[in-house]
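Tertiary structure, described
Spelled out, the chains give:
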Amino acid sequence: MSYAKVLKFGGSSLATPERIKNSIEIVKQAHDSTQQMAVVVSAFGGVTDALILIARLASLGKNEYQKHFYELKSRHVAACKELILQKKAPYVLEELEKMFHELSSVIDGIFLVGECSEKTLDLVMSFGERFSAFIISEAAIPFIQDAVFLDARNIIKTDRHFGHAQVDFEKTNKNIQKWFQENPKMPVVTGFIASSNENETTTLGRGGSDYTASIIGAALGVYIIEIWTDVDGVMTADPRKEEYAFVIPEMSYREAMEMSHFGAKIIHPPTIAPAFEKKIPLLIKNSFHPSAEGTLISFTSSNNEALICGISSIDSLALLSLQGSGMVGVCGIAKRLFGALSEKEINVILISQGSSEHSICFAILPEFVENAKKAIQKEFALEMQAHLIDDVVIENDLSVIAVVGENMRKTTGISGKLFAALGNNGINVVAIAQGSSELNISFVVKKQDEVKAINVIHEAFFLSPKKTVHVFLAGTGLIGKALLQQIERFSEKIQNEQQLNIKIVGIANSLQMAFHPQGMNLKDWESSLKENHEHMNVRHFVDRMIGCNLPNSIFADCTSSEEITLQYGDILKANISIVTPNKKANSGSYDDYKKLRNTAQKKGVKFLYGANVGAGLPIISTIHEMLRSGDKIVKIEAILSGTLSFLFNSFTEGVVFSELLSKAQANGFTEPDPRDDLNGMDVARKLLILARESGYPLEMKDITVQKILPEKCFEAHSVPEFYENLKKFDEELNKKRIDAERDGKVLRYIATFEKNIGTVSLQAVRKEHPFYNLSGTDNIVAITSEFYKENPLVIKGQGAGAEVTSGKVFADIISLGQKI
């Protein structure tokens, strides 16, 4: 009889009676469509671990093993009572009792001798599958009459390598074919277990039940092997580490083997080998979601458009390095090294060697480090004594990540794209390995960077439907609030149109700070911040932000705090881009100004500050474009304060200046302290920034500032006191306005830069001057350059207000999100 398929069910699909019933229903539906099939089952979920625990406790002489034994027995008896028909229950319970009596004798023996060999442990573990397959076969009979229990020890033969036995395929294939020819039944087969030629119980190691299904399927020449588990298929990445991971519809055997070697837990390398040899497809299905298409693993992948197939990782390993001049050009070093490790049964996960042959590094699991070190020291003792080879260097707390895909060998630039994405997010690669087949690029990173690296790679290629940008916001004043409102209001549109998901993951004001790595609810951010009792500390905020280690991170500084700008260097060094309207960083010393740009360039991140001058006006970006085109700026004239523009545009007959300033503050056109606008320093900072952006190494001392008001007016101890002082000068300011009007002029507070000199002063300008006709909070900049000599380039528009300023910050965040 030719069998059509093999179905295998893992422990998660058999963890409870209800799940077992679901699995039997899946088997019944398959059986109804084809009479030729076999079923392989694992132990009930958690049973193998329970058996190992019982054996370990017994070997240690701890009577506690009896408690766990009876809990295990009770669980299986309860399952029988729920799954087996009443008339059949006595027989099934009697047979189950016999198996538990046999197990009890083995465990008691372990307890008496105080030892559990690998051979004995294999026997103990075998009972999990034997219990499971027997109970399920009996429970299936009312639905599938030809269901029958089959102990795989009767058909699968192995060597005596207990714990991970090697299959004797010649004998095994003959046994399988003979049994299925003589028994036209649907067997429910024990996975994981087998027997030696001496009929000793052996096990097939990790993924053993999958392996059993593959062995049987290959021997029978079935057309498909279905692996039923608890996920919808093989994922592009571990969904616990990558939010946007999704099922890979189809992949090749080679891709599946590479991913499984590096940690993907859906399928195990030995499982694929027999199926691969016979070109039998494997279908990974979800017993909790049978309608899902699953993942088909076959000889070739049809996913032709994908640059990579998936990402897998091992999240804890150590990297050992052997190096020294005595290795260069010496034959047999690698053979001796890996031979020494093989003798200690240490599995090497990754190997990297430089072309100079000066060093070899390799990755292993942490539990093997000490044995590996001793083995290497013993093997190369003479070379180490002669200082020809250095002692073993060990790096702990590392992870290995593998990027897998058949199409990588057909596409140029994969490695460049991969490592550029990692570098842009500050992820240092410790070691790299790639085979000549180009099917797999593997690299080692710090364990703390593993999840971030997976997220970055998933986004960098085709895998993520949306790019996620993680924003840390400092400042919840007028600009910060407006920014949060804009992000919340346009979030859905940006996700749909630009595939960009902006998450506020950290937020702070002058009193408190809060962190939500999964993203803050922007409809209720104020309550969330108030409920968080973490006191705001600038250095702590920065440390926490860096410690979050999130990909595509942006720091949005919507404060006017100099203390925060002093942290910009560390933020950029941590590969976090900065977006800010805060002028303090760019108007400090020229050395600090250059250092920030050099740091950003070196780390491959962005420092965007378009809102420093002109709020949302494209002033700084225009200067950058002019310089990139080869132009040279020779003069700048500007009204750079939206506050002062509003004041002097509105300062007409009958208007009291102090009252006008109060109105401007109420509308959000001024700094929290209006003196920061009226003392001219805000304008001076902006002029300094424009001069520097134009290529001139100006310092603040190079700018002469004429204040609008006498110094006495600024000596107040508080803002209310300042307003009282200001009232005393209302008449003097009104006289300046009247004198200007008599000459047909208007008052304007103008910043000028020319010939390395900057001035900021109150001037009266005539009608023909471009600064005469302004309204509201207009800013205006006239740039004279070698390309614009006769007619200066003029940029004019609203230059103040929380909405336009935050709008520029928001635009910069979106721009960064599209680039990083």
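A brief report on the enclosed structure follows. Just so we're clear, the structure is a prediction, and the values are computed from it rather than from any experiment.

Describing the overall build of the protein
Looking only at helices and strands, the protein features 28 helices and 29 strands. Against the 2.2 N^0.38 benchmark of 28 Å for 820 residues, the protein shows a C-alpha radius of gyration of 37 Å, more extended than a compact globule. Projected onto the principal axes, the alpha-carbon positions of the protein cover approximately 115 × 70 × 50 Å. Expressed as a percentage of its 820 residues, the buried residues of the protein come to 54%. Carbon and sulfur atoms provide 49% of the accessible area of the protein, an area that totals close to 36200 Å². Looking at the protein, you have 88 positive and 99 negative side-chain charges, and the mean spots of the two groups are 2 Å apart.

Side note on the sheet that holds strand β25 (residues 703–705)
Strand order across the open sheet formed by 6 strands is β25-β27-β26-β24-β28-β29, with mixed pairing between neighbours. This sheet does not close on itself; its edge strands, each paired only once, are β25 and β29 (793–798). Averaged over all pairs of adjacent strands, the angle between their axes in this sheet comes to 20 degrees, without regard to strand direction. Across 6 bridges, the pairing between strand β28 (residues 778–785) and β29 is antiparallel. Among the inter-strand pairings, Asp-778 is bridged to a residue of β29, identified as Gln-798. Along the sheet, helix α25 (residues 681–693) contacts β24 (633–639), β25, β26 (746–754) and β27 (757–765); its crossing angle with β26, the most-contacted strand, is approximately 35 degrees.

Topic: the packing of helix α6 (residues 169–182) against helix α7 (residues 208–220)
Between α6 and α7, the shortest axis-to-axis distance is 9 Å and the interhelical angle comes to 70 degrees. As summarised for this structure, α6 and α7 are arranged roughly perpendicular, according to the angle between their axes. Contacts between α6 and α7 involve Phe-169, Thr-172, Asn-173, Ile-176, Gln-177 and Phe-180 from the first element and Tyr-211, Ile-215, Ile-216, Ala-219 and Leu-220 from the second. By residue class, the composition of the contact of α6 with α7 is 8 nonpolar, 3 polar and no charged.

What to know about the pairing of strand β21 (residues 553–557)
Burial of β21 is extensive: 5 of the 5 residues sit out of reach of the surface. Direction of pairing for strand β18 (residues 467–474) relative to β21: parallel, over a ladder of 5 bridges. Counted as the bridge partner of Phe-472 is Phe-555 from β21. Of the pairings in the sheet, the one linking β21 to strand β22 (residues 577–579) comprises 3 bridges and is parallel in character. For Ile-554, the partnering residue across the bridge sits in β22 and is Ser-577.

Details of the nonpolar core
Burial of nonpolar side chains together is a common tendency in soluble globular proteins. Among the nonpolar cores identified, the biggest contains 76 residues, and Phe-555 and Leu-678 are the most heavily contacted of them. Each residue touching Leu-678, except ones within four places of it in the same chain, is listed here: Leu-644, Leu-647, Phe-657, Leu-661, Lys-707, Ile-708, Leu-709, Phe-714 and Phe-722.

A few points about the packing of aromatic side chains
Aromatic rings in a pair are described by how distant their centres are and how their planes are angled relative to each other. Enumeration over the complete set of coordinates arrives at 26 aromatic pairs. Aromatic pair Tyr-568 and Phe-607: ring centres 5.7 Å apart, planes at 75 degrees, arrangement edge-to-face. Of this pair, Tyr-568 sits in helix α19 (residues 568–573) while Phe-607 sits in strand β23 (residues 607–608); the two residues are 39 residues apart in sequence, bridging distant segments of the chain. Each member of the pair, Tyr-568 as well as Phe-607, carries the same accessibility label: buried. Put simply, the rings of Phe-472, Phe-515, Phe-541, Phe-555, Tyr-568, Phe-607 and Tyr-609 pair up and form one aromatic cluster.

Topic: the environment of Leu-296
Tracing the sequence through the fold places Leu-296 in strand β11 (residues 295–298). Among the residues examined, Leu-296 registers a relative accessible area of 26% and is labelled partly exposed. C-alpha separation for the pair Leu-296 and Val-148, spaced 148 residues apart in sequence, amounts to 28 Å. Excluding its chain neighbours within four sequence positions, the residues that come into contact with Leu-296 are Ile-224, Pro-249, Glu-250, Met-251, Pro-281, Leu-282 and Leu-283.

Side note on empty space enclosed by the protein
Under the defined criterion, the tally for this structure stands at 5 cavities of 30 Å³ or more. There is about 70 Å³ of room inside the largest cavity. As for the largest cavity, its lining consists of Phe-9, Leu-14, Ser-23, Ile-24, Val-27, Val-39, Val-41, Ile-136, Ala-140, Ile-144, Met-186 and Val-188. Of all the secondary-structure elements, those providing two or more residues to the lining of the largest cavity are α1 (17–33), β2 (37–41), α5 (118–140) and β5 (186–190). Tallying contributions element by element places α1 first for the lining of the largest cavity, with 3 residues.

Looking at the layout of surface pockets
Each pocket or cavity is described by its volume, and for the second largest pocket that value is around 990 Å³. Lining the second largest pocket are 46 residues, and of these Ile-479, Thr-559, Ser-560, Glu-671 and Pro-672 lie nearest its centre. Looking at the lining of the second largest pocket, the elements with two or more residues in it are α15 (478–498), α18 (562–565), α22 (642–650), α24 (675–678), α25 and α28 (802–819). With 4 residues, the top contributor of residues to the lining of the second largest pocket is α25.

Looking at the sheet that holds strand β6 (residues 193–196)
Taken in spatial order, the 3 strands make up an open sheet running β4-β6-β7, and their pairing is mixed. Both outer strands of the open sheet, β4 (157–158) and β7 (201–203), are each paired with one neighbouring strand and no more. When β4 meets β6, the two strands line up parallel, connected through 2 bridges. The partner of Lys-157 across the bridge, within β6, is Ser-195. Relative to the sheet, α5 contacts β6 and β7, its axis offset from that of β7 by approximately 80 degrees.

Comments concerning the pattern of salt bridges
On inspection of all chains with the given rule, the structure shows 38 salt bridges. Here Lys-503 ties to Glu-243 by a salt bridge, and the two come within 3.2 Å at their closest N and O atoms. Of the two residues, Lys-503 sits in strand β19 (residues 500–508) while Glu-243 sits in the loop between β8 (224–229) and β9 (250–252), which places them 260 residues apart along the sequence. Through salt bridges with shared partners, a single network forms among Lys-119, Arg-160, Glu-198 and Glu-200.

Some details on the side chain of Thr-468
Tracing the backbone shows Thr-468 in strand β18. In terms of polar contacts, Thr-468 uses its side chain to reach the side chain of Tyr-244, at 3.5 Å. With residues up to four places along the chain from it excluded, the contact list for Thr-468 reads Tyr-244, Glu-459, Asn-501, Lys-503, Pro-551 and Asn-552.

Notes on helix α13 (residues 414–424)
Taken together, the buried positions of α13 are Ile-414, Leu-418, Ala-421 and Leu-422. Seen along its axis, α13 keeps its buried residues to an arc of 100 degrees; they face one direction. Of the surrounding elements, those touching the buried residues of α13 are β15 (393–404), β17 (440–446) and α14 (450–460). Phi for Gly-426, located one or two positions after α13, is positive at around 70 degrees.

Conventions and cut-offs
- Residues numbered from 1 in each chain as written.
- Predicted model: local features only at pLDDT ≥ 70, side-chain atom pairs only at ≥ 80, totals over all residues.
- Heavy atoms only, no water.
- Helix = DSSP H or I, 4+ residues; strand = E, 2+ residues; numbered from the N terminus.
- Rg over C-alpha atoms; globule rule 2.2 N^0.38 Å.
- Buried < 20%, exposed > 50% of the residue type's maximum accessible area, 1.4 Å probe, protein only.
- Areas by Shrake-Rupley, 256 points an atom, 1.4 Å probe, with all protein chains shown as cover.
- Lys, Arg positive; Asp, Glu negative; His and termini not counted.
- Charge placed at Lys NZ, Arg CZ, Asp CG, Glu CD.
- Pairing = 2+ DSSP bridges.
- Axes fitted to C-alpha atoms, helices over the stretch in contact; angles between N-to-C directions.
- Contact = heavy atoms within 4.5 Å.
- Parallel < 35°, antiparallel > 145°, perpendicular 65-115°, else oblique.
- Nonpolar A, V, L, I, M, F, W, Y, C, P; charged D, E, K, R; others polar.
- Core = buried A, V, L, I, M, F, W, Y, C linked by side-chain atoms within 4.5 Å.
- Phe/Tyr/Trp six-rings, centres within 6.5 Å; stacked < 30°, edge-to-face > 60°.
- 1 Å grid on protein atoms, 1.4 Å probe; cavity = no way out; pocket = protein on both sides within 12 Å on 5 of 7 lines; lining within 4 Å.
- Points joined across faces, edges and corners; volume = space filled by probe spheres on them.
- Salt bridge = Lys/Arg side-chain N within 4 Å of Asp/Glu carboxyl O.
- Polar contact = N/O pair within 3.5 Å; in protein donor to acceptor, adjacent residues only side chain to side chain.
- Arc of directions from axis to C-beta.

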